[in-house]
Amino acid sequence: NTSNGLLFNKHFMNGNGQVDQVGIRLSDDANSIGNTIYAVVLDSDTTIVAQSSNYIIQTSDIDNMLYLDITTPANFTNEIFFVGVAQVANTTDGYFPLGTQDEAYTRGDTYFGSAIDGSNAVAYTDLGRFFIEAVLTYGPNWNFTNTGVNHTILIPNSIDVTINGTQISAGDFIGVFYDQNGVL
């Protein structure tokens, strides 16, 4: 394939969480070496909402899993989303970077291809299972009403914070709640 485009899988976020990485099993196609790909996260309308940096495929990547960090993780709550790989065009040598697997049962509405911007998505049922994985961090399922006085607490990674003697880690959630009378 000499053109650019996206291949992606459909997922459902149960609860609240974010996509931190996309895992991609690369094919055994040696023509992929030296070509550029990047991971994408799309919303339910197949609009790209997050992506990784560009990655140039190395010889050691062939026929292996590759995990690409999403530069600004995408958050979803009880909704459909997609993760996939963007293939940058190489008009000289075609390449097929994504590993796939034959399936005895063809699942419709699961594997998709589209233009490089996510438009014109079509479901694929004849290419096999796409080896694409969403790496997620789940958040607490806190229900809240936006009162206009909600706050976000940002703590640099360089600061050690303990709560009741337990050190929190990067990515932990902290909740500060007041009752209707303003009492903590």
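As shown above, the structure is provided for reference.
What this report covers is the structure whose coordinates are included nearby.

1. Considering the overall build of the protein
In terms of helices and strands, the protein carries zero helices and 12 strands. Secondary structure elements in the protein, listed N-terminal to C-terminal, are β-β-β-β-β-β-β-β-β-β-β-β. Within the protein, the fraction of its 184 residues that count as buried is 32%. Of the contacts made within the protein by residues no fewer than 6 positions apart, 75% connect residues no fewer than 24 positions apart. Summed over its atoms, the accessible surface of the protein is roughly 11,300 Å², and 47% of this surface lies on carbon and sulfur atoms.

2. Points about the pattern of salt bridges
Counted according to the given criterion, the structure contains two salt bridges. Between Lys10 and Asp109 there is a salt bridge, and its shortest N-O distance comes to 2.5 Å. Here Lys10, found in strand E1 (residues 5-25), pairs with Asp109, found in the loop between strand E6 (100-101) and strand E7 (111-114); they are 99 residues apart in sequence, far enough to count as distant. The partly exposed category is assigned to Asp109, whose relative accessible area is 46%.

Definitions and cut-offs
- Residues numbered from 1 in each chain as written.
- Predicted model: local features only at pLDDT ≥ 70, side-chain atom pairs only at ≥ 80, totals over all residues.
- Heavy atoms only, no water.
- Helix = DSSP H or I, 4+ residues; strand = E, 2+ residues; numbered from the N terminus.
- Buried < 20%, exposed > 50% of the residue type's maximum accessible area, 1.4 Å probe, protein only.
- Contact = heavy atoms within 4.5 Å.
- Areas by Shrake-Rupley, 256 points an atom, 1.4 Å probe, with all protein chains shown as cover.
- Salt bridge = Lys/Arg side-chain N within 4 Å of Asp/Glu carboxyl O.

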